[in-house]
Amino acid sequence: MTSGNPKFRRLRLLSVLLASVATPALASGVDAGWILRQLAQPAPSQTGFVELRGSALLKEPLRVEGQYRRPDAATLVREVRVPYAETTTISNGQVTIARSGKPPRVFSLQRAPELTDLQASFGAMLAGDLAALEQSYRLQPSGTTQQWQLQLTPKAEALARRVRAVTLRGQGKELRCIETQPVRGDLQRTLLGSAAAAAGNVRQADALAALCTAGGAR
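Every residue gets a number counted from 1 within its own chain, in the order that chain's sequence is written. Where totals are concerned, whole chains, interfaces and linings use all residues; where local detail is concerned, this predicted model gives features only for residues with pLDDT of at least 70, and gives and counts side-chain atom pairs only at 80 or more. Side-chain measures here rest on the full set of heavy atoms in the structure, leaving out hydrogens and waters.

Only DSSP runs of H or I reaching four residues or more are called helices, and only runs of E reaching two or more are called strands; each is numbered from the N terminus. What the protein contains, in helices and strands, is 7 helices and 11 strands. Taken over 218 residues, the protein has a buried fraction of 46%. Looking at the protein as shown, the accessible area adds up to about 10200 Å², and 50% of this sits on carbon and sulfur atoms. Relative accessible area decides the class of each residue, using a 1.4 Å probe on protein chains only: under 20% of the type maximum gives buried, over 50% gives exposed, and in between gives partly exposed. Calculation of accessible area relied on Shrake-Rupley with a 1.4 Å probe; when residues are assessed, cover is drawn exclusively from the protein chains displayed.

Written as structure tokens, this is what we have:
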């Protein structure tokens, strides 16, 4: 199982820090500021997710399903339900990873400078603070209000050594997909909200990629 691999664990934590589906009213035009206004939202919030993880040891990609939750402004939770049960909680500068039948693993965000940068960036994203986000990333928006994307390229050396870019893909007011491209390894794609619901039993990477942008905006 890949869940114990530190590389995958940090990519999962990146997803926890970045995943949040927003629903404010639409504005005209699409630029980084407009997209951030769509992502900004108060707690509590939650959304389902689906992701596929490839591995040379597996005959087919591992499909992982669960839910992201933000019970309050200072806490982020990633709850995996299928094919195993695991809950990752980020709160008060600590990460707790709990699995059934095993003692929880707890470590400080200070052990991973790139995660500290991500935590600050996530706060800026939820607040719609464009200036703060631009301190950590080079932002490249594209598309229309009906179908848009925002590519975030890390500026901080600690994060850039591990992550080449993170791309947020959405339609209208909905964030549908997060694509994380590590410096080494394959692209990790996470479907959110209605895109995750539409995934059904999809296990093919190309079909999952199509769902990042397919379907009507809500």
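Here the narrative resumes.
Cis rather than trans, the peptide bond between Val-82 and Pro-83 has omega equal to 5°. Secondary-structure assignment places Pro-83 in the loop between β3 (75-82) and β4 (86-91). With a phi close to 55°, Asn-92 is a non-glycine residue in the positive phi region. Accessibility expressed as a relative area gives 70% for Asn-92, which makes it exposed.

On to the state of the cysteines. By definition, disulfides here are pairs of cysteine sulfur atoms that lie within 2.5 Å. Enumeration over the complete set of coordinates arrives at 1 disulfide. Across the disulfide, Cys-177 is cross-linked to Cys-212 (sulfur-sulfur distance 2.2 Å). Residue Cys-177 is located in strand β10 (residues 174-182), and its partner Cys-212 is located in the segment after α7 (205-211); the two are separated by 35 residues in the primary sequence. With respect to burial, Cys-177 and Cys-212 carry one shared label: buried.

This part is about the packing of aromatic side chains. How two aromatic rings sit relative to each other is set out by the distance from centre to centre and by the angle between their planes. Working definition: rings of Phe, Tyr and Trp (its six-membered ring) pair if their centres are within 6.5 Å, and the pair is stacked with planes under 30 degrees apart, edge-to-face with planes over 60 apart, and tilted otherwise. Inspection of every chain in the model, using the stated rule, returns 2 aromatic pairs. Arranged with centres 6.3 Å apart and planes meeting at 85°, the rings of Trp-34 and Trp-148 form a pair that is edge-to-face. Here Trp-34, found in helix α2 (residues 32-39), pairs with Trp-148, found in strand β8 (residues 148-154); they are 114 residues apart in sequence, far enough to count as distant. Under the relative-accessibility criterion, Trp-34 is labelled buried at 0%. Here Phe-49 and Tyr-68 contribute two aromatic rings whose centre-to-centre distance is 4.7 Å and whose plane-to-plane angle is 40°, an arrangement assigned as tilted. Taken together, the positions of Phe-49 in strand β1 (residues 45-53) and Tyr-68 in strand β2 (residues 62-72) put the pair 19 residues apart, joining distant regions of the chain. We classify Phe-49 as buried; its relative accessible area is 2%. With a relative accessible area of 3%, Tyr-68 lands in the buried category.

Our focus in this paragraph is the pairing of strand β9 (residues 163-171). Remark: a regular strand shows side chains that alternate across the two faces of the sheet. For β9, a buried count of 7 out of 9 residues is recorded, marking the element as mostly surrounded by other parts of the structure. Pairing between two strands is assigned when DSSP locates at least 2 bridges connecting them. Note that β8 and β9 share 5 bridges and pair antiparallel. When the bridges of β9 are listed, Gln-149 appears paired with Arg-169. Here β9 folds back onto β10, and the loop between the two strands holds 2 residues, one of which, Gly-172, carries a positive phi near 55°.

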